[in-house]
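Structural characterization, general
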Amino acid sequence: MRALAAAAVWCALTGPVLAAEPRPDAVIKSRSIDARIVLDDKIRADAPLAADCLAEGKQWLDKSAAEAAASRKADPQFFRDGGWDFERRYAIRSVVADRYVSILRNDYMNTRGAHPNSDVNTILWDKANNKRISIRPFFTETADNGPAMKAMVNGIIVALEAEKTKRGASETATDEWFKELAPSLLKVGAVTLAPSTEAGKSSGLTFHYPPYAVGPYAEGEYVAFVPWETLKPFLTAEGTRIFGGARPKGDADAP
């Protein structure tokens, strides 16, 4: 089972390199690194959002290229099989109330080590004001160790425990693996608004964790879903307006 899980992670991580489409939106290629940024078509169609993502992506390219060049200079023997291979993809996960756009940012990084690595982060974009925001406007309070954040963390752990049981990985559903989770917006994980069976609404929050974050590398990524009802006591008027319905089956079944 562990071998199969490791193989699945490897396929997921190498997938971006093997895929021919879509075309990159920015590229850096040298003896030290081949790195690219890919925006999905929906992001490309929104000029302010595309510009924001691309600006961030290009900074990542420049930083990665500088690190690769420095590494090659210091340890050229590690580049005998080629340079680093990096990719960052931006994709829209949901659009809620025709205003709040949740974006997944997935990174693939192959530095010719034992295996490639990946990371996941998120962006919440306010189309009305063309800027990034947090989930704070949807909750009456988000203080560190406050009731809303404690309810959020509890919901996350319940979801992770259920997913680990589903995967046959309940032995890693432990405080040791969850110790980095804390009742703070900066420590709960990368968050998106989950889609809903009710048009224009969000069914709750999904938290996205890369390999190693809440489990061993072989377990791959995790997504923890916290339904909006769990957080209902803490919703502002805007939160009450945008949350509703249930998580679509297809979203719940997604990896």
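For the structure, check the block above.
Read on for a plain summary of the structure. Quick caveat: nothing in here was measured; it's all calculated off a predicted structure.

What counts, and where the lines are drawn
Residues numbered from 1 in each chain as written. Predicted model: local features only at pLDDT ≥ 70, side-chain atom pairs only at ≥ 80, totals over all residues. Heavy atoms only, no water. Pairing = 2+ DSSP bridges. Helix = DSSP H or I, 4+ residues; strand = E, 2+ residues; numbered from the N terminus. Axes fitted to C-alpha atoms, helices over the stretch in contact; angles between N-to-C directions. Phe/Tyr/Trp six-rings, centres within 6.5 Å; stacked < 30°, edge-to-face > 60°. Buried < 20%, exposed > 50% of the residue type's maximum accessible area, 1.4 Å probe, protein only. Lys NZ or Arg CZ within 6 Å of the ring centre and 35° of its normal. Lys, Arg positive; Asp, Glu negative; His and termini not counted. Salt bridge = Lys/Arg side-chain N within 4 Å of Asp/Glu carboxyl O. Contact = heavy atoms within 4.5 Å. Core = buried A, V, L, I, M, F, W, Y, C linked by side-chain atoms within 4.5 Å.

This part is about the sheet that holds strand β4 (residues 100–110). Whether parallel or antiparallel, the strands of a sheet pair through hydrogen bonds between backbone atoms. Spatially, β1-β2-β3-β4-β5-β6 is the arrangement adopted by the 6 strands of the open sheet, whose pairing is mixed. Because the sheet does not close on itself, it has two edges, and the strands there are β1 (26–29) and β6 (131–133). Averaged over neighbouring strand pairs, the angle between their axes works out to 25° when direction is ignored.

Right, let's talk about unusual backbone geometry for a bit. For A97, which is not glycine, the phi dihedral falls at a positive 55°. Mapped onto the elements of the fold, A97 is located in the loop between β3 (84–96) and β4. In this structure, N130 is a non-glycine residue whose phi angle is positive, near 50°. Following the sequence through the fold, N130 ends up in the loop between β5 (117–126) and β6.

Moving on, we get to the packing of aromatic side chains. Summed over all chains, the structure comprises 7 aromatic pairs. Ring geometry for Y100 versus F138: centroids 5.0 Å apart, planes at 80°, classification edge-to-face. Taken as a pair, Y100 in strand β4 and F138 in the loop between β6 and α4 (147–166) lie far apart in primary sequence, 38 residues in all. Take Y100 and F138: they sit in the same class, and that class is buried. Relative to Y217, the ring of Y212 has its centre 5.6 Å away and its plane inclined at 35°; by these criteria the two rings are tilted. The class of Y212 is partly exposed, set by a relative accessible area of 46%. Connected via pairs of aromatic rings, a cluster forms that spans W60, F79, W84 and F86. Over the aromatic face of Y222 sits the side chain of R167, whose NZ or CZ is 3.8 Å from the ring centroid.

The next thing to look at is the side chain of D46. For D46, the location among the structural elements is in the loop between α2 (41–44) and α3 (47–74). Despite its burial, D46 remains without a salt bridge, the nearest opposite charge being carried by K127 at 5.3 Å. If near-sequence neighbours (up to four positions away) are discounted, D46 is found in contact with W125 and K127.

Moving on, we get to the nonpolar core. Core analysis: the largest hydrophobic core is formed by 34 residues, its most contacted members being L205 and F207. Mapped by element, the contributors of at least two residues to this core are α4, β7 (190–194), β8 (204–209), β9 (222–227) and α6 (228–231). Among the elements that take part in this core, α4 stands out by supplying 8 residues, more than any other. With residues up to four places along the chain from it excluded, the contact list for L205 reads I135, F139, M152, V191, T192, L193, A224, F225, V226, L231 and F243. By size, the runner-up hydrophobic cluster in this structure holds 21 residues, among which are A26, L49, A50 and I123.

Keep in mind these numbers describe shape, not what the thing actually does.
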